[in-house]
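A look at the structure
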Amino acid sequence: AQTVTQSQPEMSVQEAETVTLSCTYDTSESDYYLFWYKQPPSRQMILVIRQEAYKQQNATENRFSVNFQKAAKSFSLKISDSQLGDAAMYFCAYRNTNAGKSTFGDGTTLTVKP
Amino acid sequence: GAGVSQSPRYKVAKRGQDVALRCDPISGHVSLFWYQQALGQGPEFLTYFQNEAQLDKSGLPSDRFFAERPEGSVSTLKIQRTQQEDSAVYLCASSDVSFSRATEAFFGQGTRLTVV
């Protein structure tokens, strides 16, 4: 079974600074998808960024980028120029290419200090 | 609709009571998922539908949990004889295609169930 581990329960960053959230996963599959979701206090999960395992290039979405290390099974999220609105719980998720369900980590709570 | 809608937002049930949680996915979305999220944890998969077919129910914790999607759109998660350990947020998500791409799942705001 796949597992996803987020080793940082809480992180904080100063506004306008950069922060990196860690995620590791365990799988025997060679092809899969990885996601970072943001969950603000309103509870609605929002997709931040996605990565297909067969792509070597790291995904980037505006201020958000990932460092995908397939051999190390690591998928960290970098947030540049942090904004107050980035404060939320962030979840790393894994999905097989032939399965509908996703496996989530336990999340990292990000605080942004003004 | 504009997004995934779940109702009710909050539900308090007495232990032993049956509850029904509703999910209205985004119109036309083929896939629908239910997840259970305990306080301070990540969502745990419960079950998955493709149209009206329940393709995976491996995450349902007991036979007290039952989900249906009879017409391939609205889904209901039913919990019979609720127990305190059922207290959690129940999230519904939908997506428009199946597995072939890194398809985004769109989540609802969840139903917070408290069993007293």
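Residues numbered from 1 in each chain as written. Chains lettered and ligands numbered in written order. Predicted model: local features only at pLDDT ≥ 70, side-chain atom pairs only at ≥ 80, totals over all residues. Heavy atoms only, no water.

On to the overall build of chain A, then. A tally of helices and strands in chain A yields zero helices and 12 strands. Mapped from its N terminus to its C terminus, chain A presents α and β elements in the order β-β-β-β-β-β-β-β-β-β-β-β. The C-alpha atoms of chain A give a radius of gyration of 14 Å, which matches the 13 Å a tight globule of 114 residues would have. On the principal axes, the C-alpha backbone points of chain A span a range of 40 × 25 × 20 Å. (Helix = DSSP H or I, 4+ residues; strand = E, 2+ residues; numbered from the N terminus. Rg over C-alpha atoms; globule rule 2.2 N^0.38 Å.)

Let's shift gears to the nonpolar core. Counting residues in each nonpolar core, the largest one holds 25 residues, and the members touching the most others are A:Tyr25, A:Trp36, A:Phe75, A:Leu77 and A:Tyr90. The element that contributes the greatest number of residues to this core is strand 10 (residues 88-96) of chain A, accounting for four residues. Filtering out sequence-adjacent residues up to four positions away, A:Leu77 remains in contact with A:Val19, A:Thr20, A:Leu21, A:Trp36, A:Val48, A:Ile49, A:Phe64, A:Ser65, A:Val66 and A:Tyr90. Ranked by size, the runner-up nonpolar core spans 20 residues in total, among them B:Val19, B:Phe49, B:Leu77 and B:Leu113. (Core = buried A, V, L, I, M, F, W, Y, C linked by side-chain atoms within 4.5 Å. Buried < 20%, exposed > 50% of the residue type's maximum accessible area, 1.4 Å probe, protein only. Contact = heavy atoms within 4.5 Å.)

The next thing to look at is the state of the cysteines. If you walk through the whole model with that rule in mind, you get two disulfides over all chains. Here A:Cys23 engages in a disulfide with A:Cys92; their sulfurs sit 2.0 Å apart. Across the disulfide from A:Cys23 to A:Cys92, rotation about the S-S bond amounts to roughly -70°, and the bridge is consequently left-handed. You can see A:Cys23 sitting in the loop between strand 3 (19-21) and strand 4 (24-26) and its partner A:Cys92 sitting in strand 10, a full 69 residues away along the chain. A:Cys23 gets classed as buried once you look at its relative accessible area, which sits at 1%. On the basis of relative accessible area, A:Cys92 is assigned to the buried category, the value being 1%. Shown here is the disulfide that connects B:Cys23 with B:Cys92, its sulfur atoms set 1.9 Å apart. Where B:Cys23 bonds to B:Cys92 through sulfur, the torsion about that S-S bond is close to -65°, and the disulfide is left-handed. (Disulfide = S-S within 2.5 Å.)

Taken together, the 27 residues of chain B in the interface contact 23 residues of chain A. Contact between chain B and chain A buries roughly 2,000 Å² in total, counting both sides, with carbon and sulfur atoms accounting for 48%. There are zero salt bridges connecting chain B and chain A. One can count five residue pairs in polar contact (both at pLDDT 80 or more) joining chain B with chain A. For the side of chain B that touches chain A, the secondary structure elements donating two or more residues are strand 4 (31-37), strand 9 (88-95) and strand 11 (111-115) of chain B. Ranked by residue count, the leading element in the side of chain B that touches chain A is strand 4 of chain B, at three residues. Residues belonging to the side of chain B that touches chain A are distributed by class as follows: 11 nonpolar, 11 polar and five charged. (Buried area = accessible area lost by both parts, 1.4 Å probe. Salt bridge = Lys/Arg side-chain N within 4 Å of Asp/Glu carboxyl O. Polar contact = N/O pair within 3.5 Å; in protein donor to acceptor, adjacent residues only side chain to side chain. Nonpolar A, V, L, I, M, F, W, Y, C, P; charged D, E, K, R; others polar.)

This next bit is on the sheet that holds strand 7 (residues 65-68) of chain B. All names here are of chain B. Here we have four strands laid out as an open sheet, ordered 1-3-8-7, and antiparallel in their pairing. Bordering the open sheet on either side are strand 1 (5-7) and strand 7, each of which pairs with just one other strand. Across this sheet, the average inter-strand angle for adjacent strands is 15°, counted without regard to direction. (Pairing = 2+ DSSP bridges. Axes fitted to C-alpha atoms, helices over the stretch in contact; angles between N-to-C directions.)

Such coordinate-based values are descriptive only and should not be taken to indicate function.
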